[in-house]
4 protein chains.
Amino acid sequence: MQLGLIGLGKMGGNMRERIRRAGHTVIGYDRNPDVSDVGGLAELVERLDGPRVVWVMVPAGAATQSVIDELADLLSPGDTVVDGGNSRWTDDEKHAAELGAKGIGFVDAGVSGGVWGLQNGYALMVGGDKEHVERLQPIFEALKPEGPYGYVHAGKVGAGHFSKMVHNGIEYAIMQAYAEGWELLETVESVTDVREVFRSWQEGTVIRSWLLDLAVNTLDEDEHLEKLRGYAEDSGEGRWTVEAAIDHAVPLPAITASLFARFASRQADSPQMKLIAALRNQFGGHAVESSK
Amino acid sequence: MQLGLIGLGKMGGNMRERIRRAGHTVIGYDRNPDVSDVGGLAELVERLDGPRVVWVMVPAGAATQSVIDELADLLSPGDTVVDGGNSRWTDDEKHAAELGAKGIGFVDAGVSGGVWGLQNGYALMVGGDKEHVERLQPIFEALKPEGPYGYVHAGKVGAGHFSKMVHNGIEYAIMQAYAEGWELLETVESVTDVREVFRSWQEGTVIRSWLLDLAVNTLDEDEHLEKLRGYAEDSGEGRWTVEAAIDHAVPLPAITASLFARFASRQADSPQMKLIAALRNQFGGHAVESSK
Amino acid sequence: MQLGLIGLGKMGGNMRERIRRAGHTVIGYDRNPDVSDVGGLAELVERLDGPRVVWVMVPAGAATQSVIDELADLLSPGDTVVDGGNSRWTDDEKHAAELGAKGIGFVDAGVSGGVWGLQNGYALMVGGDKEHVERLQPIFEALKPEGPYGYVHAGKVGAGHFSKMVHNGIEYAIMQAYAEGWELLETVESVTDVREVFRSWQEGTVIRSWLLDLAVNTLDEDEHLEKLRGYAEDSGEGRWTVEAAIDHAVPLPAITASLFARFASRQADSPQMKLIAALRNQFGGHAVESSK
Amino acid sequence: MQLGLIGLGKMGGNMRERIRRAGHTVIGYDRNPDVSDVGGLAELVERLDGPRVVWVMVPAGAATQSVIDELADLLSPGDTVVDGGNSRWTDDEKHAAELGAKGIGFVDAGVSGGVWGLQNGYALMVGGDKEHVERLQPIFEALKPEGPYGYVHAGKVGAGHFSKMVHNGIEYAIMQAYAEGWELLETVESVTDVREVFRSWQEGTVIRSWLLDLAVNTLDEDEHLEKLRGYAEDSGEGRWTVEAAIDHAVPLPAITASLFARFASRQADSPQMKLIAALRNQFGGHAVESSK
């Protein structure tokens, strides 16, 4: 089938390739003319036969909003838009309403796979009405990994991004779990070969996982991670997961601890610990250290 | 080779079977005469040719100590004892010294595998001197899963149990990660099929793992876990992991949060929340609920 | 001076009384005619001499928004509105803009004091332009406690509610601190008189505080809090504090832990702990408990 | 009455002074001859009339153990020893048994007061048998603050140190509460005067406390704490509090978070965050930062 694909960055570019390999026609647009198949959105829409299907794969927030707005003008009733970017699930309902008012369908798709997706397939979590989701089925089939897993129609509009967001929240805490364990093992004297302990865990243990495999890869490159700084960004979904939990009064201690550990890792000096040092000095005469 | 195996419970019994399948001779002892091959430790020791190798697989603490004490009397210089139970790593050095004073070698082995071990093999994390560990190699080979993983000589005496303990600490936080995510997904209205979301994650995602596979199994049996109470025991290693981290000043927020969540799950009513309810009433006139 | 006061509930009613005691004229409006001085907002506005000052003390969200909207129509350029309710700081800027477009000033005031405020005074944290804040000074003086503390012009519009919100976040964690300590003391056998330990802390210790005094009061009424259920509500500001922290990438582990402990206290059974129980059963054959 | 006092450091020296001011005779010993009243423990014991009372005020652990051992030899049946240092409560029972075997009484006293104690008095939490505690009463009266608070006989041997330990655990979380709030306020633009917000909280708020007063003092010296490094030590009792909670399966999320925040503050670079940075790079191609 034909697909319009907007956004050909690290993710979008590889997805175009994987969809094409499956025999579909992809007309891609990107602001970067070196990778774009067309000169603009109008041309992209023009080149697709109706009813059209357009996949949006641009940064969440303003960029996605602006593309949705343009598509609302350019597309026709019966067309369908998929937002496969990292949009917050709360945006999905707005976008569905905006497009729905013009008779255009909307599907949200959380996409996982990163740099391994082109080769192994992308996991897809999809939200939307059954009729819109079904129109996309051949594309979902092309993108997803082989085998019975890697694709779900999770529920109504927003459910795709919500599920992907929770996936990422879980990811934060699993990464934090291995990281805490690794630091503790590296700290004790009796354990002389932490990397090999991690490697051994890849079979027969309760904690074997793909992230563990990656951890072994990374320790094979730099056994004690001496080349790296302990500095971790976060990309939005972890924050949204905690906010969603707060909205629903769900306690999320491990995921939130993982998010806060990242926040702290980015502070050259901790303001809150300054106050604690100052208080300890005030009541106990404990020594403080000067800032540099 | 010949192995004496003390403790033929859920774990030990299956291990005897797996070692025998690999062609070794196992003489097992258990207090339960229905499963025991011999009438007592003295008979077990007598039936082994020297230099003997005896694997202890009994509950950590007093039971293990008492077996170690008996073996110290019964065994001869050049024999080797393996503690494959869930002993705290701090006990290992004591046991190694006690046995070492009589010329008996000591190896500690953390064993993972649970009810799946007989079929898939047991992951083994081993600590001790090279010469003692090497004597056990054929048994380790028999127990471990096929393939390159599932066995590590992690370091000195204690390193095996320490590594297994950290494995379990990591396990706590990974389970907590999925559990938090599952509860959040179950809470929101838009996601209508949480079980299928979990199933879809089994391929192509960052969070695919064996524990995720088990979670899908369990949701297939009871989609919303309506038959279960939210009550989780902990088995010692999670606590020891946090204590080891405190000893070494390593922050362990996600693993500790996971441990505390289990503690809280076992309280019919939370004493600390009573005080908070009382304080809110005192300063703000907020309503309290009576205990039943 | 003259003040219009909208909302005469638990807080507003006492505040009217305290302002009147200071010699000011308060015209109060409440939907409940038994406590209201006027029949409606129009009458309230009519009875005030210009330039008018109107204090809004109604529930945050829709109720406050609706009063602000009405006042925008009824008031005149040069008048000033104070929002003394528990509005989220993000609403303040919207309200200031809405009123500002009509030449009406806006001040936000976080008010602390609860049931003790009438007698001891209310702590006030105020945000807004200097000229608007200064017009309110006599009212702030009437409401605040005697002495040098209890009032601050914290910054721009929103700073009052933001400061009050952070006050509440801190309050959550301080309460949690005492509550955790109390539960731990109640648990150990050697400490036979926990209430007297708390009482003794009221002088000479690092942790003496007003909340500690309240805790002693409450333990004097019910030494082991046997009459209460461990069930704690939260009132919005704790959640907003965590959300603000997430927006600014500030780690807030203790305050967030305190919020989550309240969430958990309200769950009859923990969904996330069900999954953990189920997983432990799957991989280790550990027993589960049935839901009742 | 007469008191032997061993250890005349920051705490002990001021305590000697305060007890003397109350009219008692204190014979102090310290390894530092400049402050010591006697040349050694034997001389100290000799100079006291029986039945003797000796207060030990030296660092917890080996130093305290060594003094207890010496006193067990030097003292006579009917004498009493008080351990007023920061001993772990688990040591108290051992010390009581060791001394009790020779007919010597033992009392453990948790002492709070820091650099303010000489002037304001020391809060005392005491454990032991009634008969031993009563012999000390005049000294406790001399040390404690004026008024009805500041002293408690908390329970059996160990209860004094246990209560003091929990006091310190609570202290950790209260300090963390203010510190988190302070950092958040300093981060947002609208709040232009955080120090004055803190100052205003000293009256009329729910969170007024002595630690808040100290925080204002410290902000008066250095408004944004620019001279300090965010580096906080911990002194043992926080760790023991968490360990005691783990022993008793009491969830302690806020206190533990406070302890971990201190651990993290002392790491120049976070090992666990290195692994997280590495994993993010592996699966998502996210950039990493090099260590310096």
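Residues numbered from 1 in each chain as written. Chains lettered and ligands numbered in written order. Predicted model: local features only at pLDDT ≥ 70, side-chain atom pairs only at ≥ 80, totals over all residues. Heavy atoms only, no water.

**Concerning the overall build of chain A**
And then number 1: Helix and strand content of chain A: 13 helices and 7 strands.
And then number 2: For chain A, the spread of C-alpha atoms along the principal axes amounts to about 75 × 45 × 40 Å.
And then number 3: Going through the 292 residues of chain A one by one, you find that 63% of them count as buried.
And then number 4: When contacts within chain A are restricted to residue pairs at least 6 apart in sequence, long-range pairs at least 24 apart make up 65% of them.
And then number 5: Approximately 10,100 Å² of chain A is accessible, and the part contributed by carbon and sulfur atoms is 46%.
And then number 6: Both charge centroids of chain A, one from 27 positive and one from 43 negative side chains, sit 1 Å from each other. (Helix = DSSP H or I, 4+ residues; strand = E, 2+ residues; numbered from the N terminus. Buried < 20%, exposed > 50% of the residue type's maximum accessible area, 1.4 Å probe, protein only. Contact = heavy atoms within 4.5 Å. Areas by Shrake-Rupley, 256 points an atom, 1.4 Å probe, with all protein chains shown as cover. Lys, Arg positive; Asp, Glu negative; His and termini not counted. Charge placed at Lys NZ, Arg CZ, Asp CG, Glu CD.)

**Considerations on the interface of chain B and chain A**
And then number 1: Across the boundary between the two partners, chain B contributes 67 residues, which contact 67 residues of chain A.
And then number 2: Across the chain B/chain A interface, buried area totals approximately 5,600 Å², and carbon plus sulfur atoms make up 72% of it.
And then number 3: Summed over the shared surface of chain B and chain A, the result is 2 salt bridges.
And then number 4: Between B:K156 and A:E189 there is a salt bridge whose closest N-O contact spans 3.7 Å.
And then number 5: In this assembly, chain B and chain A are joined by 16 residue pairs in polar contact (both at pLDDT 80 or more).
And then number 6: Broken down by secondary-structure element, the contributors of at least two residues to the side of chain B that touches chain A are β6 (123-128), β7 (151-155), α8 (159-187), α9 (194-200), α10 (210-221), α11 (237-247) and α12 (253-265) of chain B.
And then number 7: Residue composition of the side of chain B that touches chain A, by class: 35 nonpolar, 21 polar and 11 charged. (Buried area = accessible area lost by both parts, 1.4 Å probe. Salt bridge = Lys/Arg side-chain N within 4 Å of Asp/Glu carboxyl O. Polar contact = N/O pair within 3.5 Å; in protein donor to acceptor, adjacent residues only side chain to side chain. Nonpolar A, V, L, I, M, F, W, Y, C, P; charged D, E, K, R; others polar.)

**As for the environment of D:E141**
And then number 1: Counting through the fold element by element, D:E141 comes out in helix α7 (residues 137-143).
And then number 2: Spatially, the C-alpha atom of D:E141 lies 28 Å from that of D:S66, the residues being 75 residues apart in sequence.

**Re the packing of aromatic side chains**
All names here are of chain A.
And then number 1: Summed over the entire model, instances satisfying the criterion amount to 28 aromatic pairs over all chains.
And then number 2: Taking 6.0 Å as the distance between ring centres and 70° as the angle between the ring planes, the aromatic pair formed by W55 and F140 counts as edge-to-face. A residue pair is termed long-range when its members are at least 10 positions apart, and W55 in strand β3 (residues 53-56) and F140 in helix α7 (residues 137-143) qualify at 85 residues. Each member of the pair W55 and F140 is classed as buried.
And then number 3: Ring centres of F260 and F263 lie 5.9 Å apart, and the angle between their planes is 45°; this geometry places the pair in the tilted category. Of this pair, F260 and F263 both sit in helix α12 (residues 253-265), separated by 3 residues, roughly a single helical turn.
And then number 4: Among the aromatic residues, those joined into a cluster by ring pairs are W55, F140 and Y151.
And then number 5: One Lys or Arg, R262, reaches over the ring of Y172 and ends 3.7 Å from the middle of that ring. (Phe/Tyr/Trp six-rings, centres within 6.5 Å; stacked < 30°, edge-to-face > 60°. Lys NZ or Arg CZ within 6 Å of the ring centre and 35° of its normal.)

**Observations concerning the interface of chain D and chain C**
And then number 1: In this assembly, 68 residues from chain D lie in contact with 67 residues from chain C.
And then number 2: Interface area for chain D against chain C, summed over the two sides, is near 5,600 Å², with a carbon-plus-sulfur share of 72%.
And then number 3: For the pair chain D and chain C, the interface holds 2 salt bridges.
And then number 4: At the surface where chain D touches chain C, the tally comes to 16 residue pairs in polar contact (both at pLDDT 80 or more).
And then number 5: At the level of elements, β6 (123-128), β7 (151-155), α8 (159-187), α9 (194-200), α10 (210-221), α11 (237-247) and α12 (253-265) of chain D are the ones that each hand at least two residues to the side of chain D that touches chain C.
And then number 6: Of the residues forming the side of chain D that touches chain C, the biggest block, 18 residues, is contributed by α8(D).
And then number 7: Here the side of chain D that touches chain C is built from residues that sort into 35 nonpolar, 22 polar and 11 charged.

**A closer look at helix α4 (residues 89-100) of chain D**
Residues and elements named next belong to chain D.
And then number 1: Helix length check: α4 (12 residues) gives 17 Å between terminal C-alpha atoms against 16 Å at 1.5 Å per residue, within 8%.
And then number 2: All of the buried residues along α4 are W89, D91, D92, H95, A96 and L99. The buried residues of α4 occupy one face: seen down the axis, they fall within an arc of 135°. Turned more than 90 degrees away from the buried face of α4, the exposed residues are E93 and K94.
And then number 3: Those residues of α4 that are buried lie in contact with α3 (62-74), β4 (80-83), β5 (105-112), α8 and α11. (Expected span 1.5 Å × (residues − 1). Arc of directions from axis to C-beta.)

**Considerations on the side chain of B:S270**
And then number 1: In this structure, B:S270 sits in the loop between α12 and α13 (271-284).
And then number 2: Relative accessible area serves as the criterion here: at 14%, B:S270 is assigned to the buried category.
And then number 3: In this structure, B:S270 is in contact with C:E183 and C:G230, ignoring residues within four places of it in sequence.

**Here's the deal with the pattern of salt bridges**
And then number 1: In the structure shown here, the tally under the stated rule is 80 salt bridges over all chains.
And then number 2: The partner of A:R239 in a salt bridge is A:D234, and the shortest N-O contact between them spans 2.7 Å. Taken individually, A:R239 and A:D234 each receive the classification buried, so the pair is uniform in this respect.
And then number 3: In this structure, the salt-bridge partner of D:E43 is D:R47, at a minimum N-O distance of 3.9 Å. Highlighted residues: D:E43 and D:R47, both in helix α2 (residues 41-47), separated by 4 residues, approximately one helical turn.

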